[in-house]
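Report on the structure
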Amino acid sequence: MQLPTRIFIGLAAGAAFGVAANLLTHGGPTRFIELVTEPIGKMWLSALIMVVIPMVISTLATGVAQLGSFKRLGRIGLITIVCFLSLTLLSSILGISIMNIVAPGVDLDPAIRTKLLETYRGQTTDAMGMSSTTFSIDLLVKIIPRNPVAAAASGDMLAVIFFALMIGVALLMIPEEKGAPVRNFLDSVAHISIATIDLIMRVAPIGVFALIFSVTARFGFDLLLNLAHFIVAVIAGLVIFLVVGYSLALLLVARVSPRTFFSRARIVMITAFSTSSSNATLPTTIRVAEQSMGISPSIAGFVLPLGATVNMNGTALYEGATVLFLAQVFGIKLTLAAQVIVVLMSVLTSIGVAGIPGASLPFIMVVLGMVGVPLEGIAIIMGIDRLLDMCRTVLNVMGDLVTATIVSRFEPGPAVAPVSVTTSVPSQKNLG
Ligand code: ASP
């Protein structure tokens, strides 16, 4: 049985057993979750995250160095940024539009609203504290790390990316023979990272089972019913963008078959869904891009780490949709101008959202504050955020893969994949 199929079985079984355990034990088998499934899930997640920093530094630096010239780096950088921004803008507009059409907040029972606000009030305090500090000019200043080792140690991805980009650019500047030892070393680190991810993914069915079981067994399913309209509307938006939006981009711009693309990306989607983290999924995304999609390592190494940190299509859609929903819940009518602000702020703040679970909550509060919706409203969606986080992370990660595919149509990389562990890398044409 192939690995993606086994992982999918892990996912389905985790969900089925989790829901059954939840229903049978009323609130979930807490001890079992705490002592068995949660630790197993955390171990697998940590193993994935363990590879992120070495992989980002090595693939990004060698990726840039392999581009061969500043002109090419500039062209690829430009296409990448244009793709990231257009996809994020379109997804945010879709999120807002759906909420305007469905208006799920209008008919939310005030009694349920009060109950949710009271139940989750405690949990919002952290996010509230963070929201005042997360979105400031500091975000820009901190992109340049004073100490790259400290940045790597604290998982500060933007700073790590900046450092790796600098190393790649410097490698481009110096004579080939001077850079060769470092290039070879980083190339070797990239190979080793991919092999390590191969190993970690072998136990993915167990890791995915444990993560999904822990979430579903604990989940408050009555909440699901209370907020069903909102949940369905958000998931519909995400699915429409995934299936229609990305397929159009793949067909019209990248000129590859969406069917083949999605079938090869299955493992990436399941990993994103079960980990709720673009960062934890990144090594798998790079491996699939290089090994199954034939995207050159220089492009995958450049676009994907950057995308996992700044390109969050699902998050932008969710941010816009949530702000509109909460405005409806509180009976606040947002004018067209206010909605344009919500779209622009969702795009802008999604860039600052880290690729980890629940990272967008403080940023949603920033946007809420800007258009005059009560910040504590975030408590209303707190209980279902994890479920929607799993879904929006799939879109976040797939947007990066779509961009890498588009870039590689315009700027195909070297035919031989120096960073791939397999020698038989299928060509980009295989997707078409
Ligand atoms: N969990 C998301 C990601 O990792 C970020 C978020 O929207 O919270 O992509």
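This section reports on the structure supplied with the text. (Residues numbered from 1 in each chain as written. Predicted model: local features only at pLDDT ≥ 70, side-chain atom pairs only at ≥ 80, totals over all residues. Heavy atoms only, no water.)

1. Examining the overall build of the protein
What counts is decided by this rule: Counting from the N terminus, the helices are the DSSP runs of H or I reaching at least four residues and the strands are the DSSP runs of E reaching at least two. Radius of gyration: over C-alpha atoms. The globule rule applied is 2.2 Å multiplied by the number of residues raised to the 0.38 power. Three labels apply to residues, based on accessible area from a 1.4 Å probe with only protein chains included: buried if under 20% of the type maximum, exposed if over 50%, partly exposed otherwise in between. Any two residues whose heavy atoms approach within 4.5 Å are treated as being in contact. Under the convention used here, a 1.4 Å probe and the Shrake-Rupley method define accessible areas, while residue burial counts only the protein chains that appear. His is not counted, nor are the chain ends, whereas Lys and Arg count as positive and Asp and Glu as negative. Note on charges: their place is set at NZ of Lys, CZ of Arg, CG of Asp or CD of Glu.
A count of helices and strands for the protein gives 21 helices and zero strands. Relative to the compact-globule value of 22 Å for 432 residues, the protein shows a C-alpha radius of gyration of 21 Å, a close match. Over its C-alpha atoms, taken along the principal directions, the protein stretches across nearly 70 × 50 × 45 Å. Counting across all 432 residues of the protein, residues that qualify as buried make up 54%. Look at the contacts in the protein between residues 6 or more apart in sequence, and 87% of them connect residues 24 or more apart. With the model as given, the accessible surface of the protein reaches about 18,200 Å², and the carbon-plus-sulfur share is 70%. For the protein, the separation between the mean place of its 25 positive charges and that of its 20 negative charges on side chains is 8 Å.

2. Concerning unusual backbone geometry
Positive phi values are uncommon outside glycine, yet Ala 103 reaches one of about 45°. By secondary structure assignment, the location of Ala 103 is in the loop between helix H3 (70–102) and helix H4 (110–119). You will see that Ser 276, though not glycine, has its phi angle at about 55°, which is positive. Note that Ser 276 resides in the loop between helix H14 (266–275) and helix H15 (278–291). In this structure Ser 276 comes out as buried when scored by relative accessible area, which is 1%.

3. A short note on the site of the ligand
The cut-off we apply is this: The nearness test applies per residue and asks whether one of its heavy atoms lies within 4 Å of the molecule or strand. By the criterion applied in these results, polar contacts are pairs of N or O atoms within 3.5 Å in which, for protein atoms, one can donate a hydrogen and the other can accept it, and in which residues neighboring in sequence qualify only through two side-chain atoms. In this classification, Asp, Glu, Lys and Arg are treated as charged, Ala, Val, Leu, Ile, Met, Phe, Trp, Tyr, Cys and Pro as nonpolar, and every other residue, Gly included, as polar.
With respect to spatial proximity, 17 residues lie near the ligand, and among them Ser 278, Thr 315, Asp 389, Arg 392 and Asn 396 are the closest. Ile 356 places a main-chain nitrogen or oxygen 3.1 Å from a nitrogen atom of the ligand. Ala 359 has a polar backbone atom sitting 3.0 Å from an oxygen atom of the ligand. Burial of the ligand by the surrounding chains reaches 100%, relative to a free accessible area of 270 Å². With four residues, helix H21 (residues 385–410) is the single largest residue contributor to the shell around the ligand. Broken down by class, the residue content of the shell around the ligand amounts to six nonpolar, nine polar and two charged.

4. Things to note about a nonpolar patch on the surface
Applied cut-off: Put simply, a patch holds well-exposed residues, over 30% relative accessible area, that have no salt bridge, with like charges counted together within 9 Å and Val, Leu, Ile, Met, Phe, Trp or Tyr side chains within 5 Å. Any carboxyl oxygen of Asp or Glu that lies within 4 Å of a side-chain nitrogen of Lys or Arg is treated as forming a salt bridge with it.
A contiguous nonpolar patch, built from Val 239, Ile 240, Val 243, Val 244, Leu 248, Leu 251, Leu 252, Val 253 and Phe 410 and spanning about 760 Å² of accessible area, is present on the exposed surface. By relative accessible area, Val 243 is classed as partly exposed at 45%.

5. Considering the packing of aromatic side chains
In plain terms, the rule: Stacked, tilted and edge-to-face pairs are distinguished by plane angle, under 30 degrees for stacked and over 60 for edge-to-face with tilted covering the rest, among Phe, Tyr and Trp rings (Trp via its six-membered ring) whose centres lie within 6.5 Å.
Tallied over the entire structure, the rule returns six aromatic pairs. Between Phe 32 and Phe 213, the ring centres sit 5.7 Å apart and the planes meet at 85°, which makes this aromatic pair edge-to-face. On the criterion of sequence distance, the pair formed by Phe 32 in helix H2 (residues 30–66) and Phe 213 in helix H10 (residues 204–218) is long-range, its members being 181 residues apart. On the accessibility criterion, Phe 213 (6% relative accessible area) is buried. With centroids separated by 4.2 Å and ring planes inclined at 20°, the aromatic side chains of Phe 230 and Phe 325 adopt a geometry described as stacked. Here Phe 325 lies in helix H17 (residues 313–329) and Phe 230 lies in helix H12 (residues 228–254), a separation of 95 residues in the sequence. Overall, Phe 230 belongs to the buried group, its relative accessible area being 1%. Taking the relative accessible area as the measure of exposure, Phe 325 reaches 1% and is therefore buried.

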